[in-house]
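# Secondary and tertiary structure notes
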Amino acid sequence: MMKKTLISVLLCLSFSNFYCQGIEDTIPKVKADTLVSFAKTFLGKNYKYGSINPKAGFDCSGFVYYVFKSFNIKVPRASMQYEKEGKIILPDSSRIGDIIVFTGTNAKIRKPGHVGIVISSYGEELTFIHASSNRKRGGVIISRFNESPYYKKRFIKVVRLDCVVVN
């Protein structure tokens with residue numbers, strides 16, 4: 001019993017900052033559609049640097065953190081903490097509920113600076129929800145990966161959490 005519990009916990013803790021809270025069969029799983037439906041309830045919320053408060057607004061990592069935390073899934077609070085974390089997925093293999101990681105506004109600095117949640121299913125055009133600091137179109141918005149070369153230049157990786165299951 002102890003060995004089975006330890007194996008279950010270690011599998012879920014395979015990436016130090018990403019984990020599902022719980023042990024054995026009580027490890028929470030969230031359906032990707034449920035997670036994304038919840039995330040979409042914040043569309044139009046303001047961008048607010050350093051915030052995880054839905055009333056005040058969100059910054060990018062605060063938004064991702066808040067959504068996952070609402071389902072007892074721990075992810076890094078700061079986008080830069082995604083640098084060495086996560087099970088890397090190719091963009092064309094991404095699926096709903098994955099986390100997409102970009103550089104900050106300067107694509108030449110190849111360190112994480114922006115994150116979002118993939119809302120498209122495998123095989124569809126890569127689309128994600130995120131808190132954007134863009135002055136014209138900021139706040140929690142939905143963007144398409146191919147909508148401009150801006151995202152492709154800044155792309156670092158897509159990360160998958162085993163706690164998020166596709167329906």
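You'll find the structure just up there.
Nothing here was measured: the structure is a model prediction, and the numbers come from that model. (Residues numbered from 1 in each chain as written. Predicted model: local features only at pLDDT ≥ 70, side-chain atom pairs only at ≥ 80, totals over all residues. Heavy atoms only, no water.)

To continue, consider the overall build of the protein chain. For the protein chain, the helix and strand inventory stands at 4 helices and 12 strands. Within the protein chain, counting contacts between residues at least 6 apart in sequence, those at least 24 apart form 58% of the total. (Helix = DSSP H or I, 4+ residues; strand = E, 2+ residues; numbered from the N terminus. Contact = heavy atoms within 4.5 Å.)

Within the secondary structure, Arg154 sits in helix 4 (residues 149-154). In this structure Arg154 is buried but unpaired, with Glu147 as the nearest side chain of opposite charge at 9.7 Å. Reaching out from Arg154, the side chain makes a polar contact with the side chain of Tyr150 at a distance of 3.0 Å. Excluding its chain neighbours within four sequence positions, the residues that come into contact with Arg154 are Val101, Phe102, Thr103, Gly104, Thr105, Ala107, Arg110 and His114. (Buried < 20%, exposed > 50% of the residue type's maximum accessible area, 1.4 Å probe, protein only. Lys, Arg positive; Asp, Glu negative; His and termini not counted. Salt bridge = Lys/Arg side-chain N within 4 Å of Asp/Glu carboxyl O. Polar contact = N/O pair within 3.5 Å; in protein donor to acceptor, adjacent residues only side chain to side chain.)

Within the element layout of this structure, Gly86 appears in the loop between strand 5 (73-74) and strand 6 (87-89). Linking Gly86 and Val75, residues 11 residues apart in sequence, is a C-alpha distance of 9.6 Å.

Glancing now at the pattern of salt bridges. For the coordinates displayed, the defined rule picks out 6 salt bridges. One salt bridge connects Lys111 with Glu83, and the closest N-O pair in it is separated by 3.2 Å. Placement of the pair is Lys111 in the loop between strand 7 (99-103) and strand 8 (112-118) and Glu83 in the loop between strand 5 and strand 6, with a sequence separation of 28 residues. By relative accessible area, Lys111 is classed as partly exposed at 46%.

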